[in-house]
Amino acid sequence: MYILSNSFISPQFNDYDSEIKKLDAVLKNPAMLKVVALQCDLFSLGKVQVYKGEKQIIDDPVLDLFKNPNPFQSGNQFLWDFMFWTMLGNSYCYTDSNIADTNYNKLYFLSPGKMYFPNEATICKDKLMLSKSAVSDLNKLTIEYRYDNGESIKIPISKIITISDLTNGTGNWLKGSSRIDALYKVISNSDAALDAENVNVRFSGKFMVAGKADPNDVSKIPLSEPEKESIEQKMNGRKSVHAVKSLIDIKRFVEDKRSLQLHEAYLNAYFIIGSMYGIPKDVLEAYNSSTYENQEKARAAHVSYTLQPKGNDFFQAFSNRFGYTDKNKRIVIDWSHLPFMQVFEKDRAQTKNTQAQTFQILVKNGVPIEEINKFLNTNFTINGTVNTGTN
């Protein structure tokens, strides 16, 4: 029987070794890094937009903020970083001000391995906050953010927007669980397969040369050192034909590297890691998909089902932070401008065309428009009025 301790179930604050291991797992394993880069690259192609009701606002100051979040990053790199840190488990976005203006505000993602939470945060990490004062007290706590040179700054928790990859409901509201914890063995197997392939490649160019002797002839003595050196020099020489006194046997150190299927082991690890993050097989491109259209649909579905929910959470937090929700304004991220998203637009157009044709048929057959709209889930009118079906 396995006994799970509370420290295992609940993500712990100030676990620097764990954060460093996760970062190493991403940056030092090709399969893991390829999955993360693919996901981050696709997320960074999104466009940040602002709406008031159903009307898009193209000159809102928050748009300039997300284009230039800080002096060192562009808007695309900022989006890339959000998905990167989220895939590691948690993204912590420092928001300097609640005013959506680049003159007053700066946005930075914090490295979890440099964040030191106070003991007070540990005490209340899983408590139910049932009053505004309890939430306010938590937000007043400060974390210590330590730089590489030993210096540090204090940052109020209220200035940090936290988004967790899985959930923050496993015992720590400010730090959620990470999928990487479940992938360490897969990543380790991938590393082992690459190491084995490296060894086999290096040894594939090496040969073992041995003289063939009759086991029944005991008069023949083993090769002396000068004879061994002579054979090695001749085999490494430029001559294509060698005359030898006795037959020799030549064997490769690696006879058949393909039988080890090391490349397949790497691809399998890549596929498992990608599927863990909800990336369809056709998007991973580790295996050949049936058609180009399937690839495009897979990318579009991936955006809708995997990237969009994370983007919604992140930018809803900014809408709340900047008071946009109270003004009936919302900050969103959208990928509809990308070519592969036109697959959905084509499907929508075909659906509307089918609805229009069905509408015409039903009208000609005298079906009341109220019933037609109910059947098609539409709100059609005829000459600006709703036809009741009576003359």
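Everything that follows concerns the structure shown earlier in this document.
Residues numbered from 1 in each chain as written. Predicted model: local features only at pLDDT ≥ 70, side-chain atom pairs only at ≥ 80, totals over all residues. Heavy atoms only, no water.

Peer 1: Mind showing me how you'd approach the sheet that holds strand S2 (residues 55-57) here?
Peer 2: Two modes of strand pairing occur in sheets, parallel and antiparallel, and in both the strands are linked by backbone hydrogen bonds. The sheet built from 3 strands is open, its strands ordered S2-S1-S11 with antiparallel pairing. Looking at which strands have only one partner, the edges of the open sheet turn out to be S2 and strand S11 (329-334). If you compare each strand with its neighbour and ignore which way they point, the axes differ by 40° on average. Sheet analysis places strand S1 (residues 47-52) next to S2, joined by 3 bridges and oriented antiparallel. Looking across to S2, one finds that Val50 is bridged to Ile57. (Pairing = 2+ DSSP bridges. Helix = DSSP H or I, 4+ residues; strand = E, 2+ residues; numbered from the N terminus. Axes fitted to C-alpha atoms, helices over the stretch in contact; angles between N-to-C directions.)

Peer 1: Explain the side chain of Glu19 here, please?
Peer 2: Mapping Glu19 onto the fold places it in helix H2 (residues 16-27). At 3.0 Å, the side chain of Glu19 and the side chain of Lys175 are in polar contact. Those residues in contact with Glu19 that lie beyond four places of it in its chain are Pro112, Gly113 and Lys175. (Polar contact = N/O pair within 3.5 Å; in protein donor to acceptor, adjacent residues only side chain to side chain. Contact = heavy atoms within 4.5 Å.)

Peer 1: In this structure, what is going on with the pattern of salt bridges? I would like to understand it.
Peer 2: Here the idea is simple: oppositely charged side chains can pair when their charged atoms come close. With the rule as written, the count across this model stands at 7 salt bridges. When the shortest N-O distance is used, the salt bridge between Lys175 and Glu19 registers 3.0 Å. Here Lys175, found in the loop between strand S8 (160-164) and helix H8 (184-203), pairs with Glu19, found in helix H2; they are 156 residues apart in sequence, far enough to count as distant. By relative accessible area, which is 8% here, Lys175 ends up buried. Classification of Glu19 as buried rests on a relative accessible area of 10%. A salt bridge links Asp165 to Arg179; the shortest N-O distance between them is 2.8 Å. Taken together, the positions of Asp165 in the loop between S8 and H8 and Arg179 in the loop between S8 and H8 put the pair 14 residues apart, joining distant regions of the chain. Considered together, Asp165 and Arg179 belong to a single accessibility category, that of buried residues. (Salt bridge = Lys/Arg side-chain N within 4 Å of Asp/Glu carboxyl O. Buried < 20%, exposed > 50% of the residue type's maximum accessible area, 1.4 Å probe, protein only.)

Peer 1: Sorry, what's going on with the packing of aromatic side chains here?
Peer 2: Note on aromatic pairs: each is described by the distance of the centres and the angle between the planes. Tallying each qualifying case throughout the model produces 19 aromatic pairs. A centroid spacing of 6.1 Å and a plane angle of 35° characterise the contact between Phe78 and Phe314, whose relative ring orientation is tilted. In this pair, Phe78 sits in helix H5 (residues 75-88) while Phe314 sits in helix H12 (residues 292-321), placing the two residues 236 residues apart along the sequence. Each member of the pair, Phe78 together with Phe314, is buried. Between the aromatic rings of Phe314 and Phe315, the centroid separation amounts to 5.1 Å while the plane-to-plane angle is 65°, which identifies the pairing as edge-to-face. (Phe/Tyr/Trp six-rings, centres within 6.5 Å; stacked < 30°, edge-to-face > 60°.)

Peer 1: Can you walk me through unusual backbone geometry in this structure?
Peer 2: Trans peptide bonds make up most of the peptide bonds, and negative phi angles are found at most residues other than glycine. Positive phi is not limited to glycine here, since Asn328 has a value of about 60°. Counting through the fold element by element, Asn328 comes out in the loop between H12 and S11. By relative accessible area, Asn328 is classed as exposed at 52%.

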